[in-house]
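The residues making up each chain are set out below.
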Amino acid sequence: KVTGDCAAGHYCPRGCSDATCSNQACTKGILASPSGLLRGVCPRGHFCPAGSSFPQPCRAGTYQPNEGQITCILCPAGYSCNEATAYPDICPRGHYCPEATTPVNIPKCPRGTFRPFTGGENITDCDLCTPGRYCPYLAMNALFLSAPLATTVHPAPLINSVLPVSNVVVKVESAPVVTTALPER
């Protein structure tokens, strides 16, 4: 039996005979993988500091592509990382992924912008909606979802009126009435 800590990058459940738990009997029934039983070497998507009795999963926002590691790596910008992952996932279209992004907190490109490509790293990767079109939704990934505006200006002034605009109330002291409509199809 081992006395002292299990070697870094390995895990040593009860019954190991050395610091890397190389005897197959000690891991039998503990952790299976497609390639067979892991013999104490920390698997991908996990880390094993010195003294580990079992592999620790990399937390969301980190990953580990190699076996036998003692730490996990921060998920790079342009990707997201789930818990216990070996490889990052590319950031989806309509979103941007700063460093250490998790799948549950992927930021969406804001209204007025769109992102047609995967792998966005920060908000500046969201393109402004082109002139003559609008982008009313979060996480838009294609400009064809936006439509050209038809605008009509009516000369009747509004005096001390309150108008709702995108869930925000705007008080208009005096201005012409402007209506916008989608073109007929």
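Residues numbered from 1 in each chain as written. Predicted model: local features only at pLDDT ≥ 70, side-chain atom pairs only at ≥ 80, totals over all residues. Heavy atoms only, no water.

**Some points on the overall build of the chain**
Counting secondary structure elements, the chain contains 0 helices and 12 strands. Helices and strands in the chain line up, N terminus first, as β-β-β-β-β-β-β-β-β-β-β-β. Split into buried and exposed, the 185 residues of the chain put 30% on the buried side. A fraction of 37% describes how many contacts in the chain between residues 6 or more apart in sequence connect residues 24 or more apart. Working note: accessible area of the chain is about 11400 Å², and carbon and sulfur atoms make up 56% of it. (Helix = DSSP H or I, 4+ residues; strand = E, 2+ residues; numbered from the N terminus. Buried < 20%, exposed > 50% of the residue type's maximum accessible area, 1.4 Å probe, protein only. Contact = heavy atoms within 4.5 Å. Areas by Shrake-Rupley, 256 points an atom, 1.4 Å probe, with all protein chains shown as cover.)

**Points about the confidence of the model for the chain**
Interpreting fine coordinate detail is not advised for predicted regions of low pLDDT. The predicted model of the chain has a mean per-residue pLDDT of 74, with 59% of residues at 70 or higher. Across residues 24-38, where pLDDT falls below 50, the model places 26 contacts with residues more than four positions away in sequence or in other chains. Below pLDDT 50 for its whole length, residues 150-185 participates in 48 contacts with residues either more than four positions away or in separate chains. (pLDDT = per-residue confidence, 0-100.)

**Notes on the state of the cysteines**
Considering all chains together, one arrives at 6 disulfides under this definition. Covalently, Cys75 is tied to Cys81 through a disulfide, its sulfur atoms 2.2 Å apart. Across the S-S bond linking Cys75 and Cys81, the dihedral sits near 80°, which makes this disulfide right-handed. For Cys109, the disulfide goes to Cys126, at an S-S distance of 2.0 Å. (Disulfide = S-S within 2.5 Å.)

**Considering unusual backbone geometry**
A positive phi angle is found at Ala84, which is not glycine, with a value near 60°. For Ala84, the position within the fold is in the loop between strand E7 (79-80) and strand E8 (89-90).

**Details of the side chain of Arg115**
Its place among the elements puts Arg115 in the loop between strand E9 (113-114) and strand E10 (127-128). One buried charged residue, Arg115, remains without a salt bridge, the closest side chain of opposite sign being Asp125 at 4.9 Å. From its side chain, Arg115 meets the backbone oxygen of Thr118 in a polar contact 3.2 Å long. Setting aside residues no more than four positions away along its own chain, Arg115 makes contact with Arg93, Gly94, His95, Cys109, Gly120, Asp125, Met140 and Asn141. (Lys, Arg positive; Asp, Glu negative; His and termini not counted. Salt bridge = Lys/Arg side-chain N within 4 Å of Asp/Glu carboxyl O. Polar contact = N/O pair within 3.5 Å; in protein donor to acceptor, adjacent residues only side chain to side chain.)

**Let's talk about the environment of Pro65**
Mapped onto the elements, Pro65 comes out in the loop between strand E5 (62-63) and strand E6 (73-74). Separated by 20 residues in sequence, Pro65 and Thr85 place their C-alpha atoms 7.9 Å apart. The residues touching Pro65, leaving out its near neighbours within four places in the chain, are Arg44, Ile73, Ala86 and Tyr87.

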